[in-house]
Amino acid sequence: MATWQLASSTGALPATTIGSPQDVTAAAWVLIEDGQLSHALVVSLRRVVLGVLLGLALATFFGLVAGLSPWGDVLLDPPMQMARAIPLYGVVPLFIVWFGIGESTKVILIALGVMVPLYLNLTAALRGIDPELSEVADTLRLTRWERLRHLVLPAALPGALVGLRLSLAVAWLVLIVSETINAESGIGFIVNNARTFLQNDIIVVGLLTYALLGLATDYLVRRMERRALRWQGGATR
Amino acid sequence: MTIVLRGVSRSWEEIVGLSDIDLDIADGERVAVIGRSGSGKTTLLRALAGLDTGITGELRGAAAPAVVFQDPRLFPWRSALDNVALGLRGTDPRDRARAMLAEVGLHGREDAWPRQLSGGQRQRVALARALVREPDLLLLDEPFSALDALTRVSAQALVADLWERHRPALLLVTHDVEEALLLTDRVLLLADGRLVHDERLPADLPRRRDDPALVARRADLLRRLGVEP
Ligand SMILES: Nc1ncnc2c1ncn2[C@@H]1O[C@H](COP(=O)(O)OP(=O)(O)OP(=O)(O)O)[C@@H](O)[C@H]1O
Ligand SMILES: [Mg+2]
């Protein structure tokens, strides 16, 4: 921060490249004051939340089916592996043709981006369940539901959480890309507008907002991880 | 209910696991199975546990078998108490699990994660998990082999004690001839998947390591295993 301020003040970093921290703060303040930023935040967050929820639901459903039943694996895994191989940004034009340039395109793009890493990690975790513990479940005569609740889900959880973190990182990336391509609202819209009018400070504010959102979600998942995986540590509960 | 095996065999292509086993085990009877590595002990135990669907021959197994494996195989994400209570039916499963944990000497450790317990403590949780189901056949596959000598002696005493109280039929797979003589009424010897020796121990055999009668039987069984004592 100090280096940035110093470089700006001395003119080593011209304001046409990037504004000084003061300028950026001032720009941020204006955006917050007139309610633009909070409105954009709500719009962008709504896209991400909807996309993530949809993606998580799809990944969990497909992942459980593919990971737990042989025919599900045969049926679902090849298309999923294909989905992984196709670069997401490549399908953007196709999606615009299919779903238009409205909200649904952005939400579906985020959902797809979220689904793939979570699905891959979840199925890998489900395939890695210790067969010896599976045998214990047999000898204890656990019902299907008990087996799912006490063995399958807890065993798959660490892998699923890794997938979740990857997924959320992807969600923000896809949001940025889809908002840059077209948006009439949201953080990407503010950034795009600022670009048209060469308002560098505002672009920086937008980028910082994206970064903070990304950090915040990562922090949330880490906390979930610590709570859910207490049994791996040494501390008493 | 007696457990009955007639002509029970198990093989994987050309590998023979069990070959033509005839065996009856009475209610509450304690049986040890000894034999060299690869002689089919675990294969027999898995057949009796109902874990092996590939066996041929006639097997009338126990109604409610319970298994303790060589390693504890606890669910690491469940507390000691939850591990014992897992899948337990009937009234007050958690209270029964708690009482059983106390019986194996783990009162006060109900909330510990498996990772927080010592090897011997984990194995006792596994024992509690098996016994709380009130099995009519308790299957133990070298349950003490991973324990140090001192812990093993107390774990053996615990099994003897628990059997006195619950009286399930018991099948103990072991490498340790002395352990077989101390804990059971009958010793089976397997070799290459065959049952080659079946010896009932006299009811008055003193269960002490240094007793001359027990030492003599131990020497005899070791000779049968091809080891000169
Ligand atoms: N799933 C399997 N597939 C192929 N062969 C097997 C399988 N399980 C056991 N066997 C073979 O069956 C034979 C008996 O094995 P088993 O595990 O019963 O021996 P064991 O007496 O328990 O030996 P140890 O004292 O070393 O535990 C061995 O030759 C083993 O290789
Ligand atoms: Mg074995």
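Residues numbered from 1 in each chain as written. Chains lettered and ligands numbered in written order. Predicted model: local features only at pLDDT ≥ 70, side-chain atom pairs only at ≥ 80, totals over all residues. Heavy atoms only, no water.

J.: Would you explain the interface of chain B and chain A in this entry?
T.: Many authors give the size of an interface as the accessible area that is lost as the parts come together. Contacts between the two partners involve 25 residues from chain B and, on the opposite side, 23 residues from chain A. Between chain B and chain A, the buried area comes to about 2300 Å², and carbon and sulfur atoms account for 58% of it. Summed over the shared surface of chain B and chain A, the result is four salt bridges. Arg 46 of chain B is the partner of Glu 135 of chain A in a salt bridge, and the nearest nitrogen-oxygen pair spans 2.8 Å. Remark: the boundary between chain B and chain A carries nine residue pairs in polar contact (both at pLDDT 80 or more). Across the side of chain B that touches chain A, the residue classes break down as twelve nonpolar, three polar and ten charged. (Contact = heavy atoms within 4.5 Å. Buried area = accessible area lost by both parts, 1.4 Å probe. Salt bridge = Lys/Arg side-chain N within 4 Å of Asp/Glu carboxyl O. Polar contact = N/O pair within 3.5 Å; in protein donor to acceptor, adjacent residues only side chain to side chain. Nonpolar A, V, L, I, M, F, W, Y, C, P; charged D, E, K, R; others polar.)

J.: Quick question: what am I supposed to make of the site of ligand 1 here?
T.: All names here are of chain B. Taken together, 14 residues lie near ligand 1, and Ser 37, Gly 38, Lys 41, Thr 42 and Thr 43 sit nearest. The backbone of Gly 38 places a nitrogen or oxygen atom 2.8 Å from an oxygen atom of ligand 1. Between an oxygen atom of ligand 1 and a main-chain N or O atom of Ser 39, the distance comes to 3.2 Å. Contact with the protein chains covers 63% of the free accessible surface of ligand 1, which is 630 Å². The set of elements that each furnish at least two residues to the shell around ligand 1 consists of β2 (15-25) and α1 (41-49). Along the lines of polarity and charge, the residues of the shell around ligand 1 split into three nonpolar, eight polar and three charged. (Near = heavy atom within 4 Å. Areas by Shrake-Rupley, 256 points an atom, 1.4 Å probe, with all protein chains shown as cover. Helix = DSSP H or I, 4+ residues; strand = E, 2+ residues; numbered from the N terminus.)

J.: How do you make sense of the packing of helix α1 (residues 2-9) of chain A against helix α2 (residues 21-33) of chain A when you look at a structure like this?
T.: When two helices pack together, their arrangement is given by the angle between the helix axes and by the axis-to-axis distance. Residue and element names in this part refer to chain A. Look at α1 against α2: their axes get within 8 Å of each other, and the N-to-C directions meet at 105 degrees. Put simply, α1 runs roughly perpendicular to α2. Note on element contacts: α2 touches α1 through Pro 21, Gln 22 and Val 24, opposite Trp 4, Gln 5 and Ser 8. Taken together, the residues that form the contact of α1 with α2 break down as three nonpolar, three polar and no charged. (Axes fitted to C-alpha atoms, helices over the stretch in contact; angles between N-to-C directions. Parallel < 35°, antiparallel > 145°, perpendicular 65-115°, else oblique.)

J.: When you look at the nonpolar core in this model, what are you seeing that I'm missing?
T.: Among soluble globular proteins, nonpolar side chains are generally buried collectively. One finds Ile 110 of chain A together with Leu 5, Ile 25, Leu 48, Phe 75, Leu 139 and Leu 171 of chain B to be the most contacted residues of the largest nonpolar core, which totals 86 residues. Leaving out residues up to four positions away in the same chain, Ile 25 of chain B has contacts with Thr 2, Ile 3, Val 31, Leu 48, Ala 169, Leu 171 and Arg 186 of chain B. Of all hydrophobic cores here, the second largest spans 48 residues; its members include Val 104, Val 125, Leu 140 and Leu 170 of chain B. (Core = buried A, V, L, I, M, F, W, Y, C linked by side-chain atoms within 4.5 Å. Buried < 20%, exposed > 50% of the residue type's maximum accessible area, 1.4 Å probe, protein only.)

J.: Just to check I follow, could you spell out the sheet that holds strand β4 (residues 56-60) of chain B for this structure?
T.: Strand pairing within a sheet occurs via backbone hydrogen bonds; the two strands may be parallel or antiparallel. Residue and element names in this part refer to chain B. Here three strands make up an open sheet; going across it, the order is β2-β1-β4 and the pairing antiparallel. Of all strands in the sheet, those with a lone pairing partner are β2 and β4, marking the two edges. Between one strand and the next, the sheet's axes are offset by a mean angle of 20 degrees, whatever the strand orientation. Note: strand β1 (residues 3-12) against β2, seven bridges, orientation antiparallel. For Val 8, the partnering residue across the bridge sits in β2 and is Ile 21. (Pairing = 2+ DSSP bridges.)

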